[in-house]
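A structural walkthrough
Here is what each chain is made of, one letter per residue.
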Amino acid sequence: MNVYAITLDKPCLAVTPIGDRYYKLSQDTTVTVHTDIGCLEMLIKAGFITNFRSGGRFVDGFVDQVGDEKKSLIYLIHDLFYTPCDDCNGEHPVTREFADEFLRDGLEWAGMGKIKRNVVYYSVRMFGKSAYEDDDHLTSTNSALFLFKWSAKDCG
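Residues numbered from 1 in each chain as written. Predicted model: local features only at pLDDT ≥ 70, side-chain atom pairs only at ≥ 80, totals over all residues. Heavy atoms only, no water.

1. Section: the sheet that holds strand β1 (residues 3–8)
Note the threshold: By this definition, two strands are paired if DSSP reports at least two bridges between them. Going along the chain from the N terminus, every DSSP run of H or I of four or more residues is numbered as a helix, and every run of E of two or more is numbered as a strand. Under this scheme, a helix contributes an axis fitted over its contacting stretch, all axes are lines through C-alpha atoms, and angles between N-to-C directions fall in the 0 to 180 degree range. The contact rule is simple, with two residues in contact once any of their heavy atoms fall within 4.5 Å.
Strand order in the open sheet formed by four strands is β1-β4-β5-β7, and the pairing between neighbours is antiparallel. In this open sheet, the two edge strands, each paired with only one partner strand, are β1 and β7 (146–151). Taking the axes of each pair of neighbouring strands and ignoring which way they run, one obtains an average angle of 15 degrees across the sheet. Taken together, the seven bridges between strand β4 (residues 29–35) and strand β5 (residues 38–44) define a ladder with antiparallel strand orientation. Note on β5: the bridge partner recorded for valine 31 is methionine 42. Sitting on the sheet, helix α2 (residues 96–109) touches β1, β4, β5 and β7, and the angle it makes with β1 is about 85 degrees.

Below, the structure is given as structure tokens:
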């Protein structure tokens, strides 16, 4: 998949740090992801919690957790993909494989070098299955805080 643009309905992501490496979205935000296979549109509501990280503490030595908005968007969307969605009948909006491919390709769009994005991608592939399949204390809250729409054509 080729991610060629991500747009927000706001000038930037508005988040509040809430401790233990977690952040909460401060306002509703609509994110549109343009890819060569279609368009993803997501309304992420205020209160959605993310850690802007994929791969856990292992990758901290290689990749900053926050600071670059493009990379933060990719991590936020990947966290969303790993969350079952009330709007999708309690199912994940995409498969784990799609989510992880999006992560790798999105990080390329965000300007992350090949070695770093491969460290992130392969750590998620090796250790992310439980995060995708097992619900935690954030899942029940986050699952009600986003809407997801896929279109097989470009959304303009």
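Right, picking up where we left off after that structure.
2. Here's the deal with a negative patch on the surface
Definition in use: Only residues whose relative accessible area exceeds 30% and that take part in no salt bridge are eligible for patches, with like-charged residues grouped when within 9 Å of each other and nonpolar side chains (Val, Leu, Ile, Met, Phe, Trp, Tyr) grouped when within 5 Å. Only the protein chains shown count as cover for residues, and the accessible areas themselves come from Shrake-Rupley with a 1.4 Å probe. Take a side-chain nitrogen of Lys or Arg and a carboxyl oxygen of Asp or Glu: if they are within 4 Å of each other, that pair is a salt bridge. In this tally, Lys and Arg are treated as positive and Asp and Glu as negative; His is ignored, and so are the chain termini. Charge placement uses NZ in Lys and CZ in Arg. For Asp and Glu, CG and CD serve respectively. A 1.4 Å probe rolled over the protein chains alone gives each residue an accessible area, and that area as a share of the maximum for its type sets the label: buried under 20%, exposed over 50%, partly exposed in between.
Together, Glu133, Asp134, Asp135 and Asp136 give the surface a local cluster of negative charge. Summarising the element assignment, aspartate 135 is placed in the loop between α4 (129–133) and α5 (139–142). Judged by its relative accessible area of 57%, aspartate 135 falls in the exposed class.

3. Thoughts on the nonpolar core
Formally: What we call a nonpolar core is a set of buried Ala, Val, Leu, Ile, Met, Phe, Trp, Tyr and Cys residues that are connected through their side-chain atoms within 4.5 Å.
Membership of the largest hydrophobic core comes to 37 residues, with the highest contact counts inside it found for Ile6, Val33, Met42 and Phe81. Breaking this core down by element, the ones donating at least two residues are β1, β3 (22–25), β4, β5, α1 (69–81), α2, α3 (114–127) and β7. Considering each element in turn, this core owes the most residues, seven residues, to α1. Setting aside its immediate chain neighbours within four residues, valine 33 contacts Val3, Ala5, Ile6, Gly38, Cys39, Leu40, Met42, Ile77 and Phe102.

4. Overview of the packing of aromatic side chains
To be explicit about the condition: Only Phe, Tyr and Trp rings take part, Trp by its six-membered ring, and two of them pair if their centres are within 6.5 Å. Stacked means planes under 30 degrees apart, edge-to-face means over 60, and tilted covers everything else.
On inspection of all chains with the given rule, the structure shows eight aromatic pairs. Aromatic pair phenylalanine 81 and phenylalanine 98: ring centres 6.1 Å apart, planes at 65 degrees, arrangement edge-to-face. Taken together, the residues phenylalanine 81 in helix α1 and phenylalanine 98 in helix α2 connect sequence positions 17 residues apart. On the numbers, 6.0 Å between centres and 85 degrees between planes, the contact of phenylalanine 98 with tryptophan 150 is edge-to-face. Separated by 52 residues along the polypeptide, phenylalanine 98 in helix α2 and tryptophan 150 in strand β7 bring together distant segments of the chain. Judged by its relative accessible area of 17%, phenylalanine 98 is buried. An aromatic cluster is present here, built from Phe81, Phe98, Phe102, Phe148 and Trp150 joined pairwise through their rings.

From the geometry alone we can't say anything about function, so treat these as descriptive.
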